[in-house]
Amino acid sequence: MSLEQLKPLRCPRCGGPSDLPTWLDHARTKVLEHGTVPVDCPRCRTDLQLEVKPGHAAIGSLSETTPRMFRPETRIAQADLTTSGSPDALKVVWQRREWWFQKRPPVGS
């Protein structure tokens, strides 16, 4: 897959499109919470949550209720996107790039 085949993931606030590697590069932390990673929109800097799973990604927010849940607002299918994990981390791979995200231990651990 070439860079031209990357699908844009649009910010739910400003509507600005950014490709998935750009979103992953804008992760505010390298720690997963609720299966997502906090990101800032590369265009408007809105506080969002990014979910990455094999073959697709979604952008959205966390609910205010307890337990907090991810609310996807935009979802894309992205070929060649893979993830693998261990109890402590999640590895996201697209083409020759990779990103690592630490998994937050459960509360009380």
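Calculation rules
- Residues numbered from 1 in each chain as written.
- Predicted model: local features only at pLDDT ≥ 70, side-chain atom pairs only at ≥ 80, totals over all residues.
- Heavy atoms only, no water.
- 1 Å grid on protein atoms, 1.4 Å probe; cavity = no way out; pocket = protein on both sides within 12 Å on 5 of 7 lines; lining within 4 Å.
- Points joined across faces, edges and corners; volume = space filled by probe spheres on them.
- Helix = DSSP H or I, 4+ residues; strand = E, 2+ residues; numbered from the N terminus.
- Nonpolar A, V, L, I, M, F, W, Y, C, P; charged D, E, K, R; others polar.
- Core = buried A, V, L, I, M, F, W, Y, C linked by side-chain atoms within 4.5 Å.
- Buried < 20%, exposed > 50% of the residue type's maximum accessible area, 1.4 Å probe, protein only.
- Contact = heavy atoms within 4.5 Å.

1. Observations concerning empty space enclosed by the protein
Working step 1: By the definition in use, this model includes 1 cavity of 30 Å³ or more.
Working step 2: The computed volume of the largest cavity comes to approximately 40 Å³.
Working step 3: Looking at the lining of the largest cavity, the elements with two or more residues in it are strand E5 (47–53) and strand E9 (89–94).
Working step 4: Looking at the lining of the largest cavity, the element that brings in the most residues is E5, giving 3 residues.
Working step 5: In the lining of the largest cavity, the residues fall into 7 nonpolar, 2 polar and 1 charged.

2. Some details on the nonpolar core
Working step 1: Within the largest apolar cluster, 23 residues are counted, with the highest numbers of intra-cluster contacts made by Trp23, Leu24, Val39, Leu50, Val92 and Phe101.
Working step 2: Mapped onto this core, the elements with two or more residues apiece are helix H1 (20–25), strand E4 (37–40), E5, strand E6 (56–62), E9 and strand E10 (97–103).
Working step 3: Filtering out sequence-adjacent residues up to four positions away, Leu50 remains in contact with Leu9, Leu20, Trp23, Leu24, Thr36, Val37, Val39, Ala58 and Ile59.

In short, the description is geometric, and any link to function would need to be established separately.
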